[in-house]
Every structure is written in structure tokens, then in C-alpha cells.
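Coordinate inspection notes
The chain contents come next:
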Amino acid sequence: MPELPEVETTVRRLREPCVGQRIVAVTINWARHISTPSPKQFRQRIRDQKIESITRRAKYLIFNLESSFLLIHLKMSGRLEVVEAATPRDKHDHTIFHFANGREMRFNDTRKFGKVYLVDDVEDVTGHLGPEPLEESFTAKRLGEILQAHHKPLKTFLLDQTLLAGVGNIYADESLHRAKIHPKRYSDSLKPDEVKKLWRSIRHTLNLAIKHNGSSIDWVYPQGEHQNHFRVYDRQDEPCYTCGRSIRRIVMGGRSTHFCSGCQRL
DNA sequence: TAAAATGTTGGGTA
DNA sequence: ATACCCAACATTTT
């Protein structure tokens, strides 16, 4: 589930226990978690490297090591925790990074969709991604240009990581509601004031979610509290807080899509 | 019980 | 260029 705000929260939470730590070994219990290089090469190359900093690009965590980059994508159910080595392991702790200080970072991933990369060039993994919505360089003008260049329903547009990076199913719906724009509107149909509203809405929605430490849903990602602030996501048949009309749930591109039948007209 | 649905993404085929 | 279905997998819900 983790989208941009949850990944950002995870990065911030991991900095204190990780930065400055040296990775002395890696335990790989599910080899297919390691995307590149081979598990054997991975273990060898990461060994004895220190974590110098942690950043984020879209939904990827980037661990800046001494001589390479460790990237992790949590996909649908991934979680990262740093614990004492003596802490009992969970059956879904698939990849474990052992630190020199006796603690370890565990990549727990029930559905096993997550991926781990060790690369010299971050762009090898993130090169196909669109702009970061919270960067200063991402202006309303820039969003407008990208919107105009494609003819896609907005929901589909917002989920396309090559056009705009980091927005997932929850924040796409929340952003469109805050902008009062219907998810089926086509990207190249927005008027300039609508572009501006959508741009502001995306950034506000993501920043607010980060302030709430992300959203917690079910058993995944237990930290955040932004789920208490959803306006449309998972609120089908409930009244809109803005206009009182009921929230609808439809399926677009195989993804559940929530919008207000009053505020968001086609 | 069995089928459907769940936050992601990439690929293959129209 | 876009749309649609499928794949990866485990667990919960219908």
C-alpha cells in the first residue's frame, strides 16, 4: 500500500536507527526479493558498506551507501523495521540487513511483491519516473504541460508513475476530490484554473498525509493516522463532508475509485 | 466453501 | 498512444 507519504514517513523513521550503521551481512530468505544483482553478488557487494544517508524518490527508499545505492520498493505490503537481533522473527521477514551494532533492519513483505536493488546509478531504477510532485521545480505550469500531452482519464493519469511519481490509489482519489474534479475527466480537457486547482490539491493532500505520518490500513503500515482524514477513499455510500451527497465507488482500470457525486461532476 | 478484492507495477496484446 | 487483462503473492472479505 505505501504511497509517497508512507514511504516518506518510513524514510524519516529509519534515519535515526540506520544512518551511520555498517551492514555486516544480509540474510536472504526469499531470493526473488532481490531484483539486482544476483543474491550472491548482492550479499558480497553490500557487505561492510556504511549507510551514509537515506532519501526517497517516488515510492522508492534510497539508501546511500559508501560505494553504491540500495533501493527498496515496498509495493503492496512491504514494511521496514529496525530491531535488536534477538527479537523473534516473523514468517514474512524475507530480507534482513545485519548492522554492526547488533541490530538489524528487516524487510517484512507478506505478499512478496516488494523489490530490492543494489546499483551504482540510481537512475537505472528510477530513470523512467515522472517528476516529484513536492519538488519546487514541479510547478502548476509543468503539470499543465504533462496533462495536455496525454489523453487519459485523470485517475489513470495520476496512477501512471512515468507521468507523475509517487501518487497511488488513495491519494489520487483524495487529490481529485479536493480539486472537485471527476476522475473520468480527460487530462487534456482541464481548463487552466482546473489545472491550478489540481496542482494545489495534489501537493496539499500529500503534505497533509505526511504531516499525519501516512495512512494505516489493515495490518499494513501501523504508524500513520491519515486514514482518519480520508474524504472519499473507502467511504462509499457515506456523505461527503463538503456537500453532503453520497460518495460513490466505481472501478477504473481495475482500481477502486472513490468520488463525490455532488462535488465532482463529469 | 470458493471466489473476489486489497495499497503496486510491468509486460504483453489489442 | 492508450486500453485491457494478466502476472507476481498472502490474507481478508463476500
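Quick look at the structure, then. (Residues numbered from 1 in each chain as written. Chains lettered and ligands numbered in written order. Predicted model: local features only at pLDDT ≥ 70, side-chain atom pairs only at ≥ 80, totals over all residues.)

Moving on, we get to the overall build of chain A. The helix and strand inventory of chain A stands at seven helices and eleven strands. Since a compact globule built from 266 residues should have a radius of gyration of about 18 Å, the 20 Å found for chain A is in line with a globular shape. Across its three principal directions, the C-alpha atoms of chain A cover 55 × 35 × 30 Å. Counting across all 266 residues of chain A, residues that qualify as buried make up 37%. Expressed as a percentage of contacts within chain A between residues at least 6 apart in sequence, the contacts between residues at least 24 apart total 63%. (Helix = DSSP H or I, 4+ residues; strand = E, 2+ residues; numbered from the N terminus. Rg over C-alpha atoms; globule rule 2.2 N^0.38 Å. Buried ≥ 20, exposed ≤ 12 C-beta atoms within 10 Å, placed from the backbone. Contact = placed C-beta atoms within 7 Å.)

As paired elements, strand β10 (residues 247–252) and strand β11 (residues 255–260) share six bridges and run antiparallel to each other. In the strand pairing of β11, I250 is matched with T257. Between β10 and β11, which follow one another and run antiparallel, lie two residues, and G253 among them has a positive phi close to 55 degrees. (Pairing = 2+ DSSP bridges.)

We now examine the protein's contact with DNA strand B. The full set close to DNA strand B counts 16 residues, and M1, G168, N169, I217 and S256 are the nearest of them. Of the residues belonging to the surface near DNA strand B, the class tally is seven nonpolar, four polar and five charged. (Near = placed C-beta within 6 Å. Nonpolar A, V, L, I, M, F, W, Y, C, P; charged D, E, K, R; others polar.)

Reading across from one edge, β2-β9-β5-β4-β3-β1-β7-β8-β6 is the order of the nine strands in this open sheet, with mixed pairing throughout. Only two strands of the sheet have a single partner each, and these edge strands are β2 (34–36) and β6 (78–84). Taking the axes of each pair of neighbouring strands and ignoring which way they run, one obtains an average angle of 30 degrees across the sheet. Both strand β4 (residues 60–65) and strand β5 (residues 69–73) contribute to a ladder of five bridges, which runs antiparallel. Counted as the bridge partner of L61 is I72 from β5. (Axes fitted to C-alpha atoms, helices over the stretch in contact; angles between N-to-C directions.)

This part takes up helix α1 (residues 4–18). Helix length check: α1 (15 residues) gives 20 Å between terminal C-alpha atoms against 21 Å at 1.5 Å per residue, within 8%. Among all positions of α1, only L4, P5, E6, V7, E8, T9, T10 and C18 are buried. At its buried positions, α1 is contacted by β3 (49–57), β4, β6, β8 (103–109), α6 (169–179) and α7 (192–211). Backbone geometry just downstream of α1 places G20 in the positive-phi region, at approximately 95 degrees. (Expected span 1.5 Å × (residues − 1).)

Time to look at unusual backbone geometry. Cis geometry is found at the peptide bond from T36 to P37, where omega equals -5 degrees. Position of P37 relative to the elements: it lies in the loop between β2 and α2 (39–46). Positioned with a positive phi, D48 is a non-glycine residue whose angle comes to about 70 degrees. What makes D48 exposed here is the crowd of 12 C-beta atoms within 10 Å. If you check the backbone angles, D237 has positive phi at about 70 degrees while not being a glycine. Residue placement: D237 occurs in the loop between α7 and β10.

On to the protein's contact with DNA strand C. The local shell around DNA strand C consists of T110, R111, K112, F113, H150, H151, K152, P153, T156, G253 and G254. When the residues that make up the surface near DNA strand C are grouped by side-chain class, the tally is two nonpolar, six polar and three charged.

The next subject is the nonpolar core. Residues L71, I72, V167 and L198 are the most contacted members of the largest nonpolar core, which totals 58 residues. In contact with L198, other than residues within four places in its own chain, are L143, S175, A179, I181 and L190. (Core = buried A, V, L, I, M, F, W, Y, C linked by C-beta atoms within 7 Å.)

Turning our eyes to something else, we now look at the packing of α6 against α7. At a minimum axis separation of 8 Å, α6 and α7 run at an interaxial angle of 130 degrees. One finds that α6 runs oblique with respect to α7. The chirality of how α6 crosses α7 is right-handed. Mapping the contact onto sequence places Y171, E174, S175, R178 and A179 in α6 and K197, L198, S201, I202, H204, T205, L206 and A209 in α7. Partitioned by chemical class, the residues of the contact of α6 with α7 number six nonpolar, four polar and three charged. (Parallel < 35°, antiparallel > 145°, perpendicular 65-115°, else oblique. Left-handed = near helix turned anticlockwise from the far one by under 90°.)

All right, on to the pairing of strand β1 (residues 22–28) then. As defined by bridge partners, β1 adjoins β3 across two bridges and the pair is classed as antiparallel. When the sheet's bridge partners are listed, I23 is paired in β3 with Q49. In this sheet, strand β7 (residues 93–99) lies alongside β1 in antiparallel orientation, the contact comprising five bridges. What sits directly across from I28, in β7, is T95.

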